[in-house]
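Notes for the structure review
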Amino acid sequence: MSADNPVVDQDQRLRAIDPRGSFCVSAPAGSGKTELLIQRYLGLLARVQRPEQVLAITFTRKAAAEMRERVLAALHAARDEAPCESEHQLLTRELSRAALATDAQNNWQLLRNVARLNIKTIDSFCLSLTRQMPVLSSFGGQVPPQEDARLLYAEAVEELFALLDTQHAIAPDLRALLAHYDNDWPRLQQLLTDMLMRRQQWRMYLGVHQAPDESEAYLTHVVEELVRSKLHSLNEELAPLRAELLDLMRFAARNLGHPEPERFPGSAACDLPAWRALRQMLQTNEGNWRKTVNKSNGFPADKEPEPMQRKEAMLRLLSDLAGNADLEARLAAVASLPEMNGESDSWRLVLHLSRLLPVLAAQLLLVFRQRGVVDYNQVAEAALTALGEEQAPTELALRLDYSIEHILVDEFQDTSINQFELLGKLTRGWAEHNAASPDAPRTLLIVGDAMQSIYGFRDANVGLFLKAREQGVSGIRLQPLELRCNFRSHAGIVDWVNTTFSDAFPPDDDIARARVSYRTATAVRGPGDVPAVTLDAFCGDNAAAAEVAHICDAIARCIDDGQHSIAVLGRTRTHLHPVYRRLLELGVRCQAQELASLAGSPVVADLMSLCRALANDADRLAWLSLLRAPWCGLQLADLLTIARFHDESPYAALRLCLASPELPDRLSDDGRARLAPLQRAIKYACEKRDRLSLRVWIEQTWCDLGGPHSAADELALQDAESFMRLLEQADTEGVGLDIEWLQRQLDTRFMSGGDTDCPVQLLTLHKAKGLEFNCVFIPRLDGRPRSDSRDLLLWDEHSSASGERAFLLAASDHSEKNAPTLYNYLKRQRAAKSRDEATRLIYVGATRAIRQLHLSAVIQRDEKHGGQRHPPRQRCSARSGPLSPIR
């Protein structure tokens with residue numbers, strides 16, 4: 001990789017590998033953070049007595065494997081004295097030699113005993129903790145974690161519903177909840193299932209039923225403090241205009257027949273109605289400054305001197321306020337500030353849920369024990385339990401305190417609250433140790449990029465990264481370092497990203513609201529030889545098809561030009577499907593991992609028909625499907641003959657009909673020839689029922705039918721293998737040939753995506769994180785993000801002006817969308833976080849590109865005003881920049 005520009009952050013990089021300090025490194029896209037982690041890891045190996053004392057934590061298996069491989073490669077290169085080509089390789093070589101010297105001195109044999117490199121995913125590390133303390137962690141033994149536990153969540157909810165007609169203490173709460181949702185138990189089941197997936201978040205907030213009056217008073221106080229802080233900020237900014245505004249408010253109130261205000265609104269919660277009246281006078285319902293006023297606002301078109309003067313004064317004031325976008329937004333937010341009402345349905349539902357959800361979580365533990373599996377959330381919870389409390393650490397915690405001296409955490413912006421607490425427990429007491437032993441400090445390095453925090457749906461909280469950077473962890477102060485250089489992208493892409501996203505991101509960091517500002521990058525590579533960024537907009541009846549054709553034609557040109565690292569990145573899978581189909585039509589080899597559901601694979605559909613038929617003799621549709629499947633392919637006339645074979649019993653089991661010796665005489669010659677192999681295969685399957693494992697039984701029957709020969713290509717055979725592994729899982733979990741279980745599993749799995757050597761890859765923006773491509777296409781920038789559902793319960797932490805942390809909690813009460821309820825306020829807060837994350841998601845996609853970035857969108861024309869119709873504000877928080885001419 002050529003370096004056309006100097007590395008301007010070299011001092012920051014050298015400080016980050018200082019083994020005596022603890023740091024929080026902000027490493028934006030393409031900044032080479034993996035190399036930085038490896039250098040620090042090697043430097044720390046040279047300072048410890050055992051390699052296990054240096055713990056490196058990543059969030060994915062791929063990242064852990066890559067880090068381990070690169071550490072080993074550096075050690076091998078140092079041993080073999082391989083030539084170095086750059087300054088950073090020389091530094092890595094120096095650190096590797098020091099690590100090898102310590103390795104030889106202590107006889108670690110690292111190059112032979114790779115397992116001593118303590119590089120793990122956060123999940124595997126937590127699992128190792130629970131296995132060391134199975135009793136304290138509530139694990140009875142080697143319990144395996146399950147990747148997808150949604151079926152277990154659903155089972156726990158069903159067990160909870162079974163308590164409805166019992167004398168259990170939570171039965172009244174469950175009945176009240178069902179009544180609130182009009183006895184729509186499938187809807188309630190889904191909502192409760194979603195709550196179980198996020199139980200590590202709400203567990204700390206659900207003690208309100210222990211002292212409901214005190215809890216309500218606390219919540220009311222927090223809401224009042226929240227409202228007071230917002231109104232106080234507005235009051236301070238409007239201080240120079242108070243007298244003029246009060247005069248205009250009184251004039252408007254008289255004309256509207258309302259009571260005249262005695263004073264300008266204060267900052268207390270009781271002043272909120274007055275502030276809303278002021279907002280209504282100054283702004284439209286949409287929250288924009290008014291451009292004019294009329295009698296509806298209290299300013300009639302009167303020719304008398306006083307009304308004319310008041311109206312002119314009002315228009316001058318609005319003109320002066322027009323340029324203040326920040327004040328406009330904060331005044332508009334007054335309409336949504338929450339009001340607390342102790343008699344509201346929301347508070348009563350909070351109490352019901354506060355009693356019910358802990359029982360549901362306990363029910364899930366019973367399901368885990370019955371099934372002999374857990375989910376990763378439970379693993380994290382168990383790991384925290386195994387380490388004990390702050391003042392009462394367990395034996396394991398004390399042992400870890402001795403065996404771990406340095407910790408490195410990658411991708412810290414993806415940390416959840418459980419993982420943050422775990423890190424705090426691992427490092428407790430380190431600050432005191434460092435104060436007593438400054439020459440042999442224990443160190444913590446966290447590396448991340450807040451601008452790439454895109455996993456909110458996995459409970460990642462970017463505010464924790466900001467908190468660690470500003471406040472430290474367990475008393476350990478982290479020196480903030482910022483990397484600036486981008487080694488990946490050409491200068492044209494880096495400059496465009498800087499210009500575009502500087503405006504798109506919030507202006508300042510905010511821990512409580514999980515908002516991060518943009519940090520500009522400096523390109524190390526020079527300008528490329530092709531246009532770095534293109535933006536295309538498509539309009540008209542066939543705009544979507546035109547966009548797909550344009551992208552596919554551009555991909556074909558890139559391949560012709562010798563580009564063999566091309567990616568199409570979509571916000572959702574549905575944005576990628578049309579491109580995938582078009583590329584296949586053009587004969588372009590492409591890989592599309594996790595794009596299409598495994599249930600949609602033709603070979604898997606045939607296998608499911610076989611399973612359905614063998615599971616139920618009375619499933620006539622499944623048996624008829626077998627006869628029409630590629631391995632048999634009966635003509636419709638013969639199929640009708642078989643369906644009517646037993647007129648006296650139209651619902652007779654078709655399997656028995658197929659075994660009748662009279663049946664072949666009624667079929668055509670072609671039908672008899674096609675049916676004979678199927679009869680033999682079904683006879684074999686019936687004889688071997690319950691004598692073979694489920695996979696062997698189905699797979700052998702499928703092979704006897706000629707199923708593999710009906711597969712269209714190698715990818716179809718890979719789909720069949722995925723289905724066979726699913727049958728193995730059913731056997732392992734004791735499910736057996738459960739068709740509903742199989743169908744649910746298929747709906748969550750994906751078809752084989754193609755050869756990994758293909759020049760073109762199609763994947764979602766989330767899957768693209770950590771990758772890089774020469775050319776990147778991001779279509780459908782206009783696409784709607786997933787809408788937020790109306791959850792049972794919403795919660796959030798709130799920071800007062802004094803820095804005090806408090807929580808807000810509300811349940812869905814079916815209130816109107818614009819009603820000033822606490823639930824609606826929290827929902828807007830979450831929507832704002834989602835918008836910020838959507839901006840960060842596009843940033844991640846844009847920074848995957850090395851040479852070229854192609855952005856496109858389908859837009860609508862504004863027939864009324866002409867030109868382009870911009871997407872609604874709630875659908876894009878980034879300023880899109882100019883588009884090329886509409887196609």
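Residues numbered from 1 in each chain as written. Predicted model: local features only at pLDDT ≥ 70, side-chain atom pairs only at ≥ 80, totals over all residues. Heavy atoms only, no water.

Some details on helix 25 (residues 620-628)
Restricting attention to buried positions, one finds in helix 25 the residues Arg 620, Ala 622, Trp 623, Leu 626 and Leu 627. All buried residues of helix 25 fall inside an arc of 165° around its axis, so they share one side. (Buried < 20%, exposed > 50% of the residue type's maximum accessible area, 1.4 Å probe, protein only. Helix = DSSP H or I, 4+ residues; strand = E, 2+ residues; numbered from the N terminus. Arc of directions from axis to C-beta.)

Let's talk about the packing of aromatic side chains
Given two aromatic rings, one states the distance between the centres and the angle between the planes to describe the pair. Under the definition given, this model contains 11 aromatic pairs. Taken together, a centroid distance of 5.9 Å and an interplanar angle of 65° make the contact between Tyr 455 and Phe 457 edge-to-face. Relative to Phe 501, the ring of Trp 496 lies with its centre 6.3 Å away and its plane at 85°, an arrangement referred to as edge-to-face. On the accessibility criterion, Phe 501 (2% relative accessible area) is buried. Members of the aromatic cluster, each reached through a chain of ring pairs, are Trp 496, Phe 501, Phe 505, Tyr 518 and Tyr 843. (Phe/Tyr/Trp six-rings, centres within 6.5 Å; stacked < 30°, edge-to-face > 60°.)

Re the pattern of salt bridges
Across all of its chains, the model carries 42 salt bridges by this definition. A salt bridge links Arg 519 to Glu 482, with the nearest nitrogen and oxygen atoms 3.3 Å apart. Residue Arg 519 is found in the loop between helix 21 (491-504) and strand 10 (522-523), and its partner Glu 482 is found in strand 8 (residues 479-482); the two are separated by 37 residues along the sequence. Judged by relative accessible area, Glu 482 falls into the partly exposed class, the value being 24%. (Salt bridge = Lys/Arg side-chain N within 4 Å of Asp/Glu carboxyl O.)

Some words on unusual backbone geometry
Notably, Glu 81 is not glycine yet its phi reads approximately 55°, a positive angle. Relative to the elements of secondary structure, Glu 81 occurs in the loop between helix 3 (61-80) and helix 4 (87-106). Look at Glu 411: it is not a glycine, yet its phi comes out positive at around 50°. Mapped onto the elements, Glu 411 comes out in the loop between strand 6 (406-409) and helix 18 (417-426). Looking at Glu 411, the relative accessible area reads 16%, which means it is buried.

Some details on the packing of helix 2 (residues 33-45) against helix 3
The contact between helix 2 and helix 3 brings their axes to 10 Å, and the two run at 60°. Judged by the angle between their axes, helix 2 and helix 3 are oblique. In this structure, helix 2 meets helix 3 at a crossing whose hand is right-handed. Residues Thr 34, Glu 35, Leu 37, Ile 38, Tyr 41 and Leu 42 of helix 2 lie in contact with helix 3, whose contacting residues are Glu 66, Met 67, Arg 70, Val 71, Ala 74 and Leu 75. Grouping the constituent residues of the contact of helix 2 with helix 3 by class yields eight nonpolar, one polar and three charged. (Axes fitted to C-alpha atoms, helices over the stretch in contact; angles between N-to-C directions. Parallel < 35°, antiparallel > 145°, perpendicular 65-115°, else oblique. Left-handed = near helix turned anticlockwise from the far one by under 90°. Contact = heavy atoms within 4.5 Å. Nonpolar A, V, L, I, M, F, W, Y, C, P; charged D, E, K, R; others polar.)

Here's the deal with the sheet that holds strand 7 (residues 443-448)
Strand order in the open sheet formed by six strands is 3-2-6-7-1-8, with parallel pairing between adjacent strands. Of all the strands in the sheet, just strand 3 (119-121) and strand 8 have a single pairing partner and so form its edges. Going across the sheet, the axis of each strand differs from the next one's by a mean of 20°, ignoring polarity. Packed onto the sheet, helix 5 (residues 122-132) meets strand 2 (54-58) and strand 3 and runs at close to 95° relative to strand 3. (Pairing = 2+ DSSP bridges.)

Details of the pairing of strand 12 (residues 566-570)
Across the five residues of strand 12, five count as buried, placing the element largely inside the fold. Burial along strand 12 is two-sided: the residues Ile 566, Val 568 and Gly 570 and Ala 567 and Leu 569 are all buried. Where strand 12 and strand 14 (residues 760-764) come together, five bridges link them in parallel fashion. Paired with Leu 569 across the bridge in strand 14 is Leu 763. Summarising the sheet, strand 12 and strand 15 (residues 773-778) pair through three bridges and their orientation is parallel. Counterpart to Ala 567 in the pairing with strand 15 is Val 776.

The values reported here are purely geometric and, on their own, carry no functional implication.
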